[in-house]
Amino acid sequence: MKQRTRRWLTGTLVALVATWFCLLGYIGWAMRQPPEVFGRVMSRMPMPAFFLFPFETMWSQARRGHLDVGDIAPDFTVKTLDTRTPVSLASLWATRPVVLVFGSYT
């Protein structure tokens, strides 16, 4: 292989790897943002990107959280479905045990 061709291939490879790492960092940043920002970024992501980046692994690491088994759940406030009044988790567990179930019943 000629020296010029080898130099061109090396430069192109370095540029592609640098671009890949920049996009990887951008996607990692987006996964740690609020859902509105993440949704906006992912809606503009071209389909081939889903084959080039480890989305599932990155998502698991980005949304892992910092709770261990046995830790007290952090307090949060949500609106009820029937009256739309805010209810705090701390106000519920002060009087009785609380079980949080996240899932789909379809």
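Residues numbered from 1 in each chain as written. Predicted model: local features only at pLDDT ≥ 70, side-chain atom pairs only at ≥ 80, totals over all residues. Heavy atoms only, no water.

1. Topic: helix H4 (residues 55-62)
And step 1. Residues of H4 that are buried: Phe 55, Met 58 and Ala 62. Across the axial projection of H4, the buried residues extend over an arc of 70 degrees, all falling on one side.
And step 2. Where H4 is buried, its residues meet helix H1 (3-31), helix H2 (35-43) and helix H3 (49-52). (Buried < 20%, exposed > 50% of the residue type's maximum accessible area, 1.4 Å probe, protein only. Helix = DSSP H or I, 4+ residues; strand = E, 2+ residues; numbered from the N terminus. Arc of directions from axis to C-beta. Contact = heavy atoms within 4.5 Å.)

2. Comments concerning the packing of H1 against H4
And step 1. Contact geometry of H1 with H4 gives a least axis separation of 9 Å together with a crossing angle of 45 degrees. Relative to H4, the element H1 is oriented oblique. By crossing handedness, the relation of H1 to H4 is classed as right-handed. Packed against H1, whose contacting residues are Leu 24, Ile 27, Gly 28 and Met 31, the element H4 presents Phe 55, Met 58, Trp 59 and Ala 62 at the interface.
And step 2. Partitioned by chemical class, the residues of the contact of H1 with H4 number seven nonpolar, one polar and no charged. (Axes fitted to C-alpha atoms, helices over the stretch in contact; angles between N-to-C directions. Parallel < 35°, antiparallel > 145°, perpendicular 65-115°, else oblique. Left-handed = near helix turned anticlockwise from the far one by under 90°. Nonpolar A, V, L, I, M, F, W, Y, C, P; charged D, E, K, R; others polar.)

3. With respect to the nonpolar core
And step 1. Judged by nonpolar contacts, the single largest core of 13 residues is most densely connected at Ile 27, Met 31, Met 45, Phe 53 and Phe 55.
And step 2. Those elements giving two or more residues to this core turn out to be H1, H2 and H4.
And step 3. In terms of residue count, the dominant contributor to this core is H1 (four residues).
And step 4. Residues within four places of Phe 53 in sequence aside, it is in contact with Trp 20, Leu 23, Leu 24 and Ile 27. (Core = buried A, V, L, I, M, F, W, Y, C linked by side-chain atoms within 4.5 Å.)

4. Brief notes about H1
And step 1. Taking 1.5 Å per residue as the helical rise, H1 with its 29 residues ought to reach 42 Å, and the 42 Å between its terminal C-alpha atoms agrees with that figure.
And step 2. When we look at burial in H1, the residues that qualify are Leu 24, Ile 27, Gly 28, Ala 30 and Met 31.
And step 3. Lining the buried residues of H1 we find H2 and H4. (Expected span 1.5 Å × (residues − 1).)

5. Some words on unusual backbone geometry
And step 1. Unusually for a residue other than glycine, Arg 84 sits at a positive phi of about 60 degrees.
And step 2. Examined against the element boundaries, Arg 84 turns out to sit in the loop between strand E1 (77-79) and strand E2 (86-88).

6. Details of the packing of aromatic side chains
One pair of aromatic rings is described through two measures. These are the centre distance and the angle between the planes.
And step 1. Throughout the structure, instances matching the rule amount to six aromatic pairs.
And step 2. A ring pair is formed by Phe 50 and Phe 55, whose centres lie 4.9 Å apart and whose planes are at 35 degrees; its orientation type is tilted.
And step 3. Residue Phe 50 is classed as partly exposed on the basis of its relative accessible area of 35%.
And step 4. Counting every residue linked through ring pairs, the aromatic cluster contains Trp 20, Phe 21, Phe 50, Phe 53 and Phe 55. (Phe/Tyr/Trp six-rings, centres within 6.5 Å; stacked < 30°, edge-to-face > 60°.)

7. Observations concerning the confidence of the model for the protein
And step 1. Per-residue pLDDT for the protein averages 85, and the proportion of residues at 70 or more is 96%.
And step 2. By mean pLDDT, the top-scoring element of the protein is H1 (93), and the lowest-scoring one is helix H5 (residues 89-93) (81). (pLDDT = per-residue confidence, 0-100.)

8. Some details on the environment of Arg 32
And step 1. Assignment of secondary structure puts Arg 32 in the loop between H1 and H2.
And step 2. Sequence separation of Arg 32 and Thr 95 is 63 residues, and the distance between their C-alpha atoms is 34 Å.
And step 3. Setting aside anything within four residues of it in sequence, one finds Arg 32 in contact with Gln 61, Ala 62 and Arg 63.

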